[in-house]
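Inside the fold
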Amino acid sequence: MAVTKIKRIRGNPGNPLSYIGNPEKTRNLDFSDSDRQALADVIAYAADEGKTEKQYFTTGINCDVENAREQFNITKQSFNKTGGIVCGHCMQSFEGYEVAPEEAHEIGVQLARELWGDRFQIVVATHLNTNNVHNHIVFNSVSFVDGKRFHFCTEETMRIRAASDRICRERDLSVIEHPEGKRIPYSLYKMEKAGMPTRCNVARQALDEAISVSVNMEEFKSELKKRGYLYQFNSRRKYWTVTPPGWTKAIRTDRLGDQYTRDMIQQRVFSNDIGVRMKRLQKESRSSNHYDLKRRIDKIKGRSGLEKLYLRYCYELGYLPKYRQNPMRLHAVLKEELLKCDLYSEEAKLLARYSISTEEDLAKRMKSLTEDYSSISARRNELRQKLRRKMPEEEDAKCREQIRELTAELKEARKELKLCQDIRERSGQVERNLETVLEDRSRGKERKQL
């Protein structure tokens, strides 16, 4: 089973060419054509230099491997196209130990010849340095035939995949018959795996909560509205979407998992017992004071301005010391803000450290930081100039230590300046979010009293 992908390379074409030609990655480990032994054995075999005849799995098409960099550049210069994207880099990776290095290299060369061999200069290298054999194909972005640039597009990506799959089928190798669609970004995957709140898992939680207390679609929609969510549940639409509070981009519910497709949501809602309605009413009638921390809140109320605003915001997010708010009980507008908890905490500390209460105080602090930064940077530049002259070893070491200290000061100044800029840009939204939370809480208390 071969997986392919392609990317554009900007800058120096020699960098990818040097990488894919690395002997430590392309060394032949004396495999025979019929030998498909596990790569784990091959790695151990490679450690015995006396048993291996070194041969490198690299092939040049329309160019020499050793002189590919120069030949790529000659083609560009002859057509006056030396800027922009310098080359393409296609990767073809095989599953585990399914294919021997010789055959993998043959497949890579065949793929490159079919796709680009009639117009472009190409270098193909097969790497053996990981737990799966994989090909790297680097080709010039400018054709040596007519000087036209290679067009990177989705259609080309699909053409590469189709050609790779066809070659693998011809050699009785497995292929991915039903490739998955667009995946979530890796950063979101890591956050969800670590249990951190993200736009997607917060949306799942809101949908689960709304489904659990609804017996028909109207109640389900009403519950989503209470949580600040917008929705598009048109029966004529193939996919349903929800938009979390504070966001403009909608999320397709089916992208959240198999339990959140249009059919599954309806099935889950309609399968609920009528008793869930009574549970919801009982839950709404109970007192829900989750902030039994009067001493701390009194201390916060004793502050003023921006300092008070950010301390109260951190309090509502449950990020003050010795206190953690349950994300299930957070107001809808605050659930997404949990992703920025660390940032808000740092900003609250900065405001308290310098007693910043007003926009004027913030502007003064930013001006002071800017002046300090310029002064420290000038001193560091003087020391760097001094280092260029010959001096005794002790004086040289002392000068370098001073530069390190000044660099640390600059780093801290940049960090504080960035926090101040973020406070200036974000404080208005923070204030509006906090007003929404307190107003909704006040209305809830009034309804209970009635």
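Higher on the page you've got the structure.
Note that the structure is a prediction, hence the values are computed from the model and not measured. (Residues numbered from 1 in each chain as written. Predicted model: local features only at pLDDT ≥ 70, side-chain atom pairs only at ≥ 80, totals over all residues. Heavy atoms only, no water.)

**A short note on the overall build of the protein**
Counting its regular elements, the protein contains 17 helices and eight strands. Every one of the 450 residues in the protein was classed for burial, and the buried ones make up 41%. Considering only residue pairs separated by 6 or more positions, the protein has 69% of its internal contacts joining residues 24 or more positions apart. (Helix = DSSP H or I, 4+ residues; strand = E, 2+ residues; numbered from the N terminus. Buried < 20%, exposed > 50% of the residue type's maximum accessible area, 1.4 Å probe, protein only. Contact = heavy atoms within 4.5 Å.)

**Here we look at the packing of aromatic side chains**
A complete count under the given rule lists 11 aromatic pairs for this structure. Ring plane angle 25° and centroid distance 4.4 Å describe the contact between tryptophan 116 and phenylalanine 139, whose orientation is recorded as stacked. Of this pair, tryptophan 116 sits in helix α5 (residues 101-116) while phenylalanine 139 sits in strand β5 (residues 134-140), and the two are 23 residues apart along the sequence. Across this residue pair, the class does not change: tryptophan 116 and phenylalanine 139 are buried. (Phe/Tyr/Trp six-rings, centres within 6.5 Å; stacked < 30°, edge-to-face > 60°.)

**Some details on helix α9 (residues 217-226)**
By the burial criterion, the buried members of α9 are Met217, Glu219, Phe220, Glu223 and Leu224. The buried residues of α9 all sit within an arc of 160° when viewed along its axis, so they share a single face. Relative to its buried face, α9 has exposed residues pointing more than 90 degrees away, namely Glu218, Lys225 and Lys226. Where α9 starts, the residue carrying a side-chain oxygen 3.2 Å from the main-chain nitrogen of glutamate 218 turns out to be asparagine 216. Immediately beyond the C-terminal end of α9, within one or two residues, lies glycine 228, with a positive phi of roughly 85°. (Arc of directions from axis to C-beta. Polar contact = N/O pair within 3.5 Å; in protein donor to acceptor, adjacent residues only side chain to side chain.)

**Some thoughts on the sheet that holds strand β7 (residues 241-243)**
Here three strands make up an open sheet; going across it, the order is β6-β7-β8 and the pairing antiparallel. Looking at strand neighbours, the two that pair on one side only are β6 (230-232) and β8 (251-252), the edges of this open sheet. (Pairing = 2+ DSSP bridges.)

**Overview of the nonpolar core**
Of all hydrophobic cores here, the largest spans 28 residues; its most connected members are Trp116, Ile122, Val124 and Ile137. Every element with two or more residues in this core is listed here: β3 (85-94), α5, β4 (122-127), β5 and α6 (154-170). By residue number, the principal contributor to this core is α5, which donates seven residues. For isoleucine 122, the residues in contact, after removing those within four places along its chain, are Thr59, Gly60, Ile61, Cys63, Phe72, Ala112, Trp116, Gly117, Ile137, Val138 and Phe139. In terms of nonpolar packing, the next biggest core, distinct from the first, is built from 25 residues, Tyr313, Val333, Leu362 and Val437 among them. (Core = buried A, V, L, I, M, F, W, Y, C linked by side-chain atoms within 4.5 Å.)

**Points about the environment of arginine 149**
Positionally, arginine 149 belongs in the loop between β5 and α6. Beyond its immediate stretch of four places on either side in the chain, arginine 149 contacts Lys81, Thr82, Gly83, Ile85, Ser141 and Val142. A polar side-chain atom of arginine 149 sits 3.2 Å from the main-chain carbonyl oxygen of isoleucine 85.

**Digging into the packing of helix α13 (residues 305-316) against helix α15 (residues 341-353)**
At a closest axis distance of 9 Å, the pairing of α13 and α15 adopts a crossing angle of 150°. When the axes of α13 and α15 are compared, the crossing they make is left-handed. Seen from α13, the contacting residues are Leu306, Glu307, Tyr310, Leu311, Tyr313 and Cys314; seen from α15, they are Tyr344, Ser345, Glu347, Ala348, Leu351 and Ala352. Within the contact of α13 with α15, the residues separate by chemical class into nine nonpolar, one polar and two charged. (Axes fitted to C-alpha atoms, helices over the stretch in contact; angles between N-to-C directions. Left-handed = near helix turned anticlockwise from the far one by under 90°. Nonpolar A, V, L, I, M, F, W, Y, C, P; charged D, E, K, R; others polar.)

**A look at the pattern of salt bridges**
One pass over the full model with this rule turns up 19 salt bridges. With a closest N to O distance of 3.9 Å, lysine 415 and glutamate 346 form a salt bridge. One end of the pair, lysine 415, is in helix α17 (residues 393-449); the other, glutamate 346, is in helix α15, and 69 residues separate them in sequence. Of the residues examined, lysine 415 reaches a relative accessible area of 41% and is grouped as partly exposed. Given a relative accessible area of 28%, glutamate 346 falls into the partly exposed group. Arginine 353 is paired through a salt bridge with glutamate 416; the nearest N and O atoms lie 3.5 Å apart. Of this pair, arginine 353 sits in helix α15 while glutamate 416 sits in helix α17; the two residues are 63 residues apart in sequence, bridging distant segments of the chain. A single network of salt bridges, built from pairs that share partners, joins Glu209, Glu223, Lys226 and Arg227. (Salt bridge = Lys/Arg side-chain N within 4 Å of Asp/Glu carboxyl O.)

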